[in-house]
Amino acid sequence: MFTVRNGVLTGYKPSPEKLDVVVLPEGIKVLRCRSLEKFACKKLVMPSTLEVIDELAFLSADISVLDFADCK
């Protein structure tokens, strides 16, 4: 579902409907600019490895809850 290169999330495969709970895979360190543009889910769980969220990573996204519980 997600495109990840060298720990950088660069994009995703769109879903026709709003997803419920989505867990980003471990190993992602960076969310690139617009990497989750127009992404839609009820809850997005960040990986513990996440270090950087670029400006506009969530441009026009429809996410009800961002869960950073395991992030450092």
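Coordinates for the structure precede this section.
Quick caveat: nothing in here was measured; it's all calculated off a predicted structure.

What counts, and where the lines are drawn
Residues numbered from 1 in each chain as written. Predicted model: local features only at pLDDT ≥ 70, side-chain atom pairs only at ≥ 80, totals over all residues. Heavy atoms only, no water. Patch = residues over 30% accessible without salt bridge, like charges linked within 9 Å, V, L, I, M, F, W, Y side chains within 5 Å. Areas by Shrake-Rupley, 256 points an atom, 1.4 Å probe, with all protein chains shown as cover. Salt bridge = Lys/Arg side-chain N within 4 Å of Asp/Glu carboxyl O. Helix = DSSP H or I, 4+ residues; strand = E, 2+ residues; numbered from the N terminus. Buried < 20%, exposed > 50% of the residue type's maximum accessible area, 1.4 Å probe, protein only. Pairing = 2+ DSSP bridges. Axes fitted to C-alpha atoms, helices over the stretch in contact; angles between N-to-C directions.

> Where do I start with a nonpolar patch on the surface in this structure?
Taken together, the side chains of Ile 53, Leu 66 and Phe 68 define a hydrophobic patch exposed on the protein surface, amounting to about 240 Å² of accessible area. With respect to the element layout, Ile 53 can be found in strand E6 (residues 52–53). With a relative accessible area of 37%, Ile 53 lands in the partly exposed category.

> Help me out: how do you make sense of the sheet that holds strand E7 (residues 62–67) in this one?
Neighbouring strands of a sheet are bound in pairs by backbone hydrogen bonds; such pairs are parallel or else antiparallel. As summarised here, the arrangement of the three strands in space is E3-E5-E7, forming an open sheet in which the pairing is parallel. The sheet is open, and its two edges are formed by strand E3 (19–23) and E7, each paired on a single side. Averaged over all pairs of adjacent strands, the angle between their axes in this sheet comes to 20°, without regard to strand direction. Here strand E5 (residues 40–45) runs beside E7; their pairing, made up of five bridges, is parallel. Bridged to Leu 44 within E7 is Leu 66.

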